[in-house]
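Read off the chains here:
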Amino acid sequence: MTTRDYESEEIFKLDLEKYGVSHLEGKNILTLNEHDMDTLLEALGNDDISLTVSLPCTPDVMFELVSTSECRRCGKCCQPNPLNPASPGIEVFKEELTEIARFLQVPYGIIEQKTVPGKFVPHPFGWTGLSSTRWLPLPCPFYDHEQNSCGVHSVRPVVCRIHPIIFIGDNSSFSIKLNCDYGKDLIKTAYTWVKKNDPDCEILL
Ligand code: SF4
Ligand code: SF4
């Protein structure tokens, strides 16, 4: 399946009529005006539909992209997603949990008890030599509700560092969640990069 097909599938889930944007059907997302783009991103965010971008899934690209805007630190991504209640949470490497245990100065076993076994997905950061993964359920046990912030911020897993970018197991694309303003900023920037790489690219609604 090509990246473009994947994008179409995700976008296809959006009920354009429900959001009063039927006039966008068949249009290229990459050429929408600002108002239509904002309306579309709001609708996609409300329905928890992520968008996939055709950019290399490398640390350099991801960290450069996340640095183009500011996380609003709302903590939403550390809490269960009401639109996806079956989600097991976030998938982290055991090595990352070891770092958290060291930071909190507790035995690794205490931290591991808060998690469940994960699967193993090819990691775009070349971390395939690392051990298997664990699922960290949400609400995240490391969220500091008094401070309204991550309680292990300096050692938080990479998946948290690059959120709302999501790995999709493909080295030539990744997905961006749109249920926060930070994600909406990032997709706009990512699309400008996509257009720069391929001015004829089309992502049709
Ligand atoms: S990544 Fe988005 S949802 Fe998570 S804390 Fe930042 S602004 Fe909130
Ligand atoms: S480790 Fe921190 S940033 Fe990641 S989900 Fe938990 S509280 Fe949120």
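Just so we're clear, the structure is a prediction, and the values are computed from it rather than from any experiment.

## Here we look at the overall build of the protein chain
Inference 1: In terms of helices and strands, the protein chain carries 7 helices and 8 strands.
Inference 2: In the protein chain, buried positions account for 28% of the 205 residues.
Inference 3: Counting only contacts in the protein chain whose residues sit at least 6 apart along the sequence, the fraction spanning at least 24 positions is 71%.

## Comments concerning the pairing of strand E4 (residues 133-136)
Inference 1: By the bridge criterion, 4 bridges tie strand E2 (residues 90-93) to E4 in an arrangement that is antiparallel. Bridged to phenylalanine 93 within E4 is threonine 133.

## Details of the site of ligand 2
Inference 1: In the neighbourhood of ligand 2, the contacting residues comprise Cys78, Ile90, Cys140, Phe142, Tyr143, Cys150, Val152, Arg156 and Cys160.
Inference 2: Here the residues of the shell around ligand 2 sort into 8 nonpolar, no polar and 1 charged.

## A word on the environment of leucine 136
Inference 1: Tracing the backbone through its elements, the reader meets leucine 136 in strand E4.
Inference 2: Spatially, the C-alpha atom of leucine 136 lies 9.9 Å from that of phenylalanine 93, the residues being 43 residues apart in sequence.
Inference 3: Setting aside residues no more than four positions away along its own chain, leucine 136 makes contact with Gly89, Ile90, Val92 and Thr115.

## Quick word on the nonpolar core
Inference 1: Formed by 22 residues in total, the largest nonpolar core has its most connected members in Val53, Ile176, Leu186, Ile187 and Ala190.
Inference 2: Of all elements in the fold, only helix H2 (34-46), strand E1 (51-53), helix H3 (59-66), strand E8 (174-176) and helix H7 (181-197) reach the threshold of two or more residues within this core.
Inference 3: Per-element accounting of this core gives the leading share, 6 residues, to H7.
Inference 4: Dropping the residues within four chain positions of it, isoleucine 176 is found in contact with Ser50, Leu51, Val53, Pro164, Ile165, Gly183, Leu186, Ile187 and Ala190.
Inference 5: Cys77, Phe93, Ile111 and Leu136 belong to the second largest nonpolar core, which has 12 residues in total.

## Focus: the sheet that holds E8
Inference 1: Strand order across the open sheet formed by 3 strands is E1-E8-E7, with antiparallel pairing between neighbours. The outermost strands of the open sheet, each flanked by one partner alone, are E1 and strand E7 (165-166).

## Here we look at H3
Inference 1: When H3 is considered as a whole, its buried residues turn out to be Met62, Leu65 and Val66. All buried residues of H3 lie within an arc of 95° about the axis, which places them on one face of the element.
Inference 2: The elements touched by buried residues of H3 are E7 and H7.

## Let's talk about the sheet that holds strand E3 (residues 116-117)
Inference 1: Pairing in this open sheet of 3 strands is antiparallel, and the strands run E2-E4-E3 from one edge to the other. Whereas interior strands pair on both sides, the edge strands pair on one side only; in this sheet they are E2 and E3.

## Some remarks on unusual backbone geometry
Inference 1: In this chain, leucine 138 is followed by proline 139 through a cis amide linkage whose omega measures 5°.
Inference 2: Note that proline 139 resides in the loop between E4 and strand E5 (143-144).
Inference 3: Note the cis peptide between histidine 163 and proline 164, where omega equals 15°.
Inference 4: Tracing the backbone through its elements, the reader meets proline 164 in the loop between helix H6 (158-161) and E7.
Inference 5: In this model, aspartate 48 sits at a positive phi of 55°, which is unusual for a non-glycine residue.
Inference 6: One can find aspartate 48 in the loop between H2 and E1.
Inference 7: We note that asparagine 148 has phi near 55°; this positive angle belongs to a residue other than glycine.
Inference 8: Position of asparagine 148 relative to the elements: it lies in the loop between E5 and strand E6 (149-150).

Here is what the cut-offs are and how they apply
Residues numbered from 1 in each chain as written. Chains lettered and ligands numbered in written order. Predicted model: local features only at pLDDT ≥ 70, side-chain atom pairs only at ≥ 80, totals over all residues. Helix = DSSP H or I, 4+ residues; strand = E, 2+ residues; numbered from the N terminus. Buried ≥ 20, exposed ≤ 12 C-beta atoms within 10 Å, placed from the backbone. Contact = placed C-beta atoms within 7 Å. Pairing = 2+ DSSP bridges. Near = placed C-beta within 6 Å. Nonpolar A, V, L, I, M, F, W, Y, C, P; charged D, E, K, R; others polar. Core = buried A, V, L, I, M, F, W, Y, C linked by C-beta atoms within 7 Å. Arc of directions from axis to C-beta.

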